[in-house]
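# Descriptive structure summary
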Amino acid sequence: MILQLETLPYQQQAIDAVLGLFEGQPRNSFASSFLHTAQINRCDLTSEELHDNAKRIMLANGLDPTKAGHLDTAETLKTRRDFCIEMETGTGKTLVYLQTLYELYENYGFSKFIIVVPSVAIRAGIVGTMENFGEQLATRYGFRLGMFAYDSKKLDKVRDFVRNPAPQVMVTTIQSFTSDTAILNQSGRDNSIDGLTYLQALGRTHPIIVMDEPQEGMDTDNAVERLQPLNALATLRYSATHKVLRNRLYRLTPYDSYREGLVKKIEVLTVAEKGDEATLKLALTEVNATQLAVPKAKLMFWKQEATGIKWKESPWLRKGDKLSEKANNPSYAGYEIERIWKAGFGNAPYKIAFTNGVELTQGQMPGDRAGLFRLQLKYLLLRHFEKRAKLHPLGIKCLALVFIDTVANYVGEEPLIKNLFEEEYRLAYAEHNGGTVPTPEQVTDVQGYYFSSSAGKKNPAPEDYTDSAKAMAGNGDMYRLILKEKAKLLALDNPVEIIFTHSALGVGWDNPNIFTIATLNNAYSDIRKRQEIGRGLRLCVNQAGIRQRDAADTPEGEEINLLTVVPNETYQTFVSQYQDDLLETDGQVLPGAPMRHQHKGTKPPKKTVRRNEKLFASAEFKEFWRRLARRTDYTVHFSEAELIREGAAALAPLRVPPYVADVTLVRIQSLGSTADGANIKVAYQGEGEATALSAQLAPIDAVEELSEGSGLAYITVLEIMQQLPAAALRELATNPVRWVQLALPHLRRVATENMLRGLEYRVLPNAYYDEATMFPPHWETFAENLTATPQHGLYDHVQPDSNPEADFASDADRNPKVVCFLKFPDKYRIPIPGGRYYEPDWGVVYKRKKLSGEVEDTYYFVVETKSTNALTDTKQLSEDEKFKMECATKHFAALGLDAQIRYAAPIKDFGTFEHRIQHPVEADYPTATV
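Residues numbered from 1 in each chain as written. Predicted model: local features only at pLDDT ≥ 70, side-chain atom pairs only at ≥ 80, totals over all residues. Heavy atoms only, no water.

## As for the overall build of the protein
The condition is simple: Secondary structure elements follow DSSP: runs of H or I of four or more residues count as helices, runs of E of two or more count as strands, with numbering from the N terminus. We call two residues contacting when some pair of their heavy atoms lies within 4.5 Å. A 1.4 Å probe and the Shrake-Rupley method give the accessible areas. Residues count as covered only by the protein chains that appear here.
Along the backbone of the protein there are 28 helices and 36 strands. Once local pairs closer than 6 in sequence are excluded, the contacts in the protein between residues at least 24 apart make up 71%. Looking at the protein as shown, the accessible area adds up to about 42,000 Å², and 50% of this sits on carbon and sulfur atoms.

And the structure:
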């Protein structure tokens, strides 16, 4: 097979963007560009002319030169000529810049080019691309570019690069420049050029540098310093995800490439844990260890919070810390940190050990790893065989790529992933081949693999690319097949169909016929979503090497170019992280907390809030305060037998969800545009059957946990448990922690209802809130979120606790029917059961008048502002908030007919409050009667 060269309009636009940069430059000739035994690139354009050219190109390509990172000044271009070309992964970036080099020589005679890449794998891929398309490029342009991969053992090629007048391209990794010991940086070598280091000799030629994925280590201070002696005529930076943005000449966004069908469509088939809250999951995420400090670590664990058990990251933990206390979760009893250390040297992972013998390795995936991996492989193979049956008759080789968590899980003594794959492959093969079982040779031959070099060599040979050379004989052939011999890999008669890698086949490598990708790694992988997906975005080719495209009217789901991604997380998590990747690289800033406009070490100015003396002395305020100033106390009466009966009835029907893996398929319909914030739009496609996973569960004292969580006596909870039927106790035994989590809200509700039924408030004799203490003439604050209330507020400003409170205060202050309103001070507190207090929000005096001027009605309100108008809104109100408001209703009722305080709770905004005055309903706020 020969992959066919094509240049699409958008690719030519990217090429033209670079060519236009040098418009007006005379063509270099041998005579004009030969200097000191070196053939050089020469540019006669001034920095002002380059600046004008760049600005014209940006405007032509719809880019704003005034935005940060888009256009350097002419002065800057005198010393730094970096230009960014941004192309979405899978749209032919490598061929674009190779053709750009051809056209730079053809149009301007520039002949010295250095391509800098982040890894050996990408270097091999570029050389392979040139080998695949070299003849076609030579035919198109009428000449050849002399390309070679830099090898420190073959320095004659570097000398030829410097002196040869023919166009030369050197491909090298950034690591070849970044150390003093690198051959290119060494001075005094016998084979040097005119006594110079090879880097200095290369610098004589003023090469045009192409950076492929510059965000991968090429913008460090060290790398920038090491590349400086090359005296580059210009640096062309190609990536889909620029981190440093300078002089962006061209941009092809994910949105445009996805919408226009320039890449494959994407579906996400997620395999995610469900019902795992009770498992003893732990993950070591971060370690901080220096020579002088005691090592500390962060873990992911199940933390018990008021709203339930949450999978959260811990604070920094040290030796002696107990997880049961840090997580407020008794499941982790016995998990006391004994040791935090690095298991080896160099890049070896950190570990943490507990006194109960459990050890964790950093990055190790928690939960039923084998169960999740097996399901991912099962669904990867299901999709692979489905696509294979459809595509092979069309002459399209179908490949799948599997990212694994550790190399040892494929080539180690107990290769978990390899064993799981081979088991699932036999089942899937038989299912799609009429029950025929594949031979051991077929199972072996279908697998390809590429990992990083284990030899630690700067320039490893192909056979070094393995983490176990003895275990994988012939790996050199596999290296060439995956990285260089793309056409051979895409032949239908080549048996390799499933490729395994750890991270080496990440950014910079892809294959047009990758149709399925599984990520059998943990949630803390360094591989980003765009990198994972990008390996398979390129449009596929057939056996003639011709790119295949789907017609515009192809029904959804019937496309040839459909990439299936199988991650081990929920699709909501996957899509959210993918969207974050797009937003980050789109150059947008996500909304965040408002910045404080103050210098470090200084405080904001102090403000004085003053009392409205006229309102404070008014008869309306004095009357209002007389009604509110009485203090109350409460008693609670309830039947313990009734409480036990209701509690048992509430807990009996509980059913614990099993620990399973949920499989969900969604299709990404669009990636969103810059204008709409890169919001990814997905369509739900269906679900697979939930599959049981294996879990390690913790013992738990359910009675004690329910007692602590509900506030009921231990003996009361025990009697409730004793009345539960056998079925309910079986649910408890199946998953104790999860059952307790489900039971607590029901038990709290039963306790609350019984408490409210028997709750009685009484007015305390001669007990009042002191007016002078509650409302001083003024008070001071550093707060910046004050709301002005100069007309009807008891003070000229209030300090709201939320936006709804600020809006309520502003609206109340502007309303002519409001005589006076105040925000209750913290010292005004209503006692509630449990030794706690409730602090209401607002006091309001509201009057309506007839046209004749006679007073019609005067209302005295206490108002509680929330994000809802309904006391039954469980989404916006917690059980505790609802309980406090119901207690407050009884408190104000106890103040008696003389008080006539109306309690309005909850109230979302002032408009709702006023509507209730105009249309009073008993259910809105009970009239305060005895």
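## Quick word on the confidence of the model for the protein
Defined as follows: Per residue, pLDDT measures the predictor's confidence, with a range of 0 to 100.
Per-residue pLDDT for the protein has a mean of 83; in total, 86% of the residues score no lower than 70. Within the protein, helix H17 (residues 571-585) has the poorest average pLDDT of any element, 67, and helix H13 (residues 440-445) the best, 95. With pLDDT under 50 throughout, residues 587-602 is counted as low confidence; its partners more than four residues away or in other chains account for 9 contacts. Confidence over residues 922-930 falls short of pLDDT 50; this stretch has 26 contacts with residues more than four positions distant or in other chains.

## Focus: the pairing of strand E21 (residues 562-567)
For the record, the criterion: Relative accessibility thresholds used throughout: buried, under 20% of the residue-type maximum; exposed, over 50%; partly exposed, between the two (1.4 Å probe, protein chains only). A pair of strands counts as paired when DSSP detects no fewer than two bridges linking them.
Of all 6 residues in E21, 6 are buried, a share of seventy percent or more. A two-sided burial pattern is seen for E21, the buried positions comprising Leu-562, Thr-564 and Val-566 on one face and Leu-563, Val-565 and Pro-567 on the other. By the bridge criterion, 4 bridges tie strand E10 (residues 265-274) to E21 in an arrangement that is parallel. In the strand pairing of E21, Ile-266 is matched with Leu-563. Relative to E21, strand E20 (residues 514-520) runs parallel, the two sharing 4 bridges. Bridging across to E21, Thr-516 finds its partner in Thr-564.

## Quick notes on helix H23 (residues 726-734)
Going by this rule: The directions considered for the arc run from the helix axis to the C-beta atoms.
Listing the buried residues of H23 in full gives Ala-728, Glu-731 and Leu-732. Along the long axis of H23, the arc covered by the buried residues comes to 100°, so they all point the same way. In H23, the exposed positions angled more than 90 degrees off the buried face are occupied by Arg-730 and Ala-733. For H23, the secondary structure elements touched by its buried residues are helix H20 (640-651), helix H21 (702-710), helix H22 (714-722) and helix H24 (736-757).

## Here's the deal with empty space enclosed by the protein
To keep it simple, the criterion reads: Cavity: a set of points on a 1 Å grid over the protein atoms alone where a 1.4 Å probe fits but cannot get out. Pocket: an open set with protein on both sides within 12 Å along at least five of seven lines, its lining residues, like those of a cavity, having an atom within 4 Å of a point. Grid points are joined across faces, edges and corners, and a volume is the space filled by probe spheres set on the points. In this count, Pro and Cys sit with the nonpolar residues alongside Ala, Val, Leu, Ile, Met, Phe, Trp and Tyr, while Asp, Glu, Lys and Arg are called charged and the others, Gly among them, polar.
On inspection of all chains with the given rule, the structure shows 5 cavities of 30 Å³ or more. In this structure, the largest cavity spans a volume of roughly 460 Å³. Lining the largest cavity are 33 residues, with Thr-94, Thr-129, Lys-486, Asp-510 and Arg-538 positioned closest to its centre. For the lining of the largest cavity, the element with the highest residue contribution is helix H4 (residues 120-141), accounting for 8 residues. The residue makeup of the lining of the largest cavity, split by class, is 11 nonpolar, 12 polar and 10 charged. If you add up the space inside the second largest cavity, you get close to 160 Å³. Of the residues in the lining of the second largest cavity, the class split is 6 nonpolar, 6 polar and 4 charged.

## Some words on the sheet that holds strand E9 (residues 248-252)
Note the cut-off: Throughout, an axis means a line fitted to C-alpha atoms (over the contacting stretch in the case of helices), and angles, computed between N-to-C directions, take values from 0 to 180 degrees.
Spatially, the 7 strands line up as an open sheet ordered E5-E6-E4-E7-E8-E3-E9, and their pairing is parallel. Bordering the open sheet on either side are strand E5 (146-149) and E9, each of which pairs with just one other strand. If you compare each strand with its neighbour and ignore which way they point, the axes differ by 15° on average. Pairing of strand E3 (residues 82-87) with E9 involves 4 bridges; the strand directions are parallel. If you follow Glu-86 over to E9, its bridge partner there is Arg-251.

## Describing the pattern of salt bridges
Filter applied, for reference: Here, a salt bridge means any side-chain nitrogen of Lys or Arg that lies within 4 Å of a carboxyl oxygen of Asp or Glu.
Tallied over the full model, the rule gives 43 salt bridges. The salt bridge partner of Glu-620 is Lys-847, with a shortest N-O separation of 3.4 Å. Here the residue Glu-620 occupies a position in helix H19 (residues 619-628), and Lys-847 occupies one in strand E34 (residues 842-849), the gap between them amounting to 227 residues. As a salt-bridge pair, Glu-881 and Lys-866 come within 3.1 Å of each other at their nearest N and O atoms. Of this pair, Glu-881 sits in helix H27 (residues 879-894) while Lys-866 sits in the loop between strand E35 (855-865) and H27; the two residues are 15 residues apart in sequence, bridging distant segments of the chain. Looking at Glu-881, the relative accessible area reads 24%, which means it is partly exposed. The structure contains a network of salt bridges with shared partners spanning Asp-82, Asp-219, Arg-237 and Arg-246.

## Things to note about the packing of aromatic side chains
Test applied: The pairing test for Phe, Tyr and Trp rings, Trp by its six-membered ring, is centres within 6.5 Å, and the orientation test on the planes gives stacked under 30 degrees, edge-to-face over 60, and tilted for anything in between.
Overall, the coordinates contain 40 aromatic pairs when judged by the stated rule. Centroid distance Tyr-108 to Phe-110: 5.7 Å. Interplanar angle 35°. Geometry classified as tilted. Both residues of the pair, Tyr-108 and Phe-110, belong to the buried class. Summarising the aromatic geometry, the rings of Tyr-425 and Tyr-429 are spaced 5.9 Å apart at their centres and angled 40° between planes, so their arrangement reads as tilted. With Tyr-425 and Tyr-429 both in helix H12 (residues 416-432) and 4 residues apart, this pair spans about one turn of that helix. Taken as a pair, Tyr-425 and Tyr-429 share a single burial class, namely buried.

## What to know about the nonpolar core
We apply this condition: We call a set of buried Ala, Val, Leu, Ile, Met, Phe, Trp, Tyr and Cys residues a nonpolar core when their side-chain atoms join them within 4.5 Å.
If you look at the biggest cluster of nonpolar residues, it comprises 130 residues, and the most contacted ones within it are Phe-22, Leu-104, Ile-115, Leu-236, Ile-266, Leu-483 and Phe-500. Dropping the residues within four chain positions of it, Ile-266 is found in contact with Tyr-258, Ile-533, Leu-537, Leu-562, Leu-563, Val-565, Tyr-578, Arg-667 and Ile-668. Counting 37 residues, the second-largest nonpolar core is a separate cluster that includes Phe-824, Met-885, Cys-887 and Phe-892.

## A short note on helix H5 (residues 156-163)
Those residues of H5 that sit buried are Val-158, Phe-161 and Val-162. Taken down its axis, H5 places every buried residue within 95° of arc, on the same side. Looking at the buried positions of H5, the neighbouring elements they touch are strand E2 (38-39), strand E4 (112-117), E5, strand E6 (168-173) and helix H6 (198-204).

## Focus on the side chain of His-51
Note that His-51 resides in helix H2 (residues 47-60). Look past the residues within four positions of His-51 in its chain and what remains in contact with it is Leu-71, Asp-72, Thr-73, Ala-74 and Leu-77.

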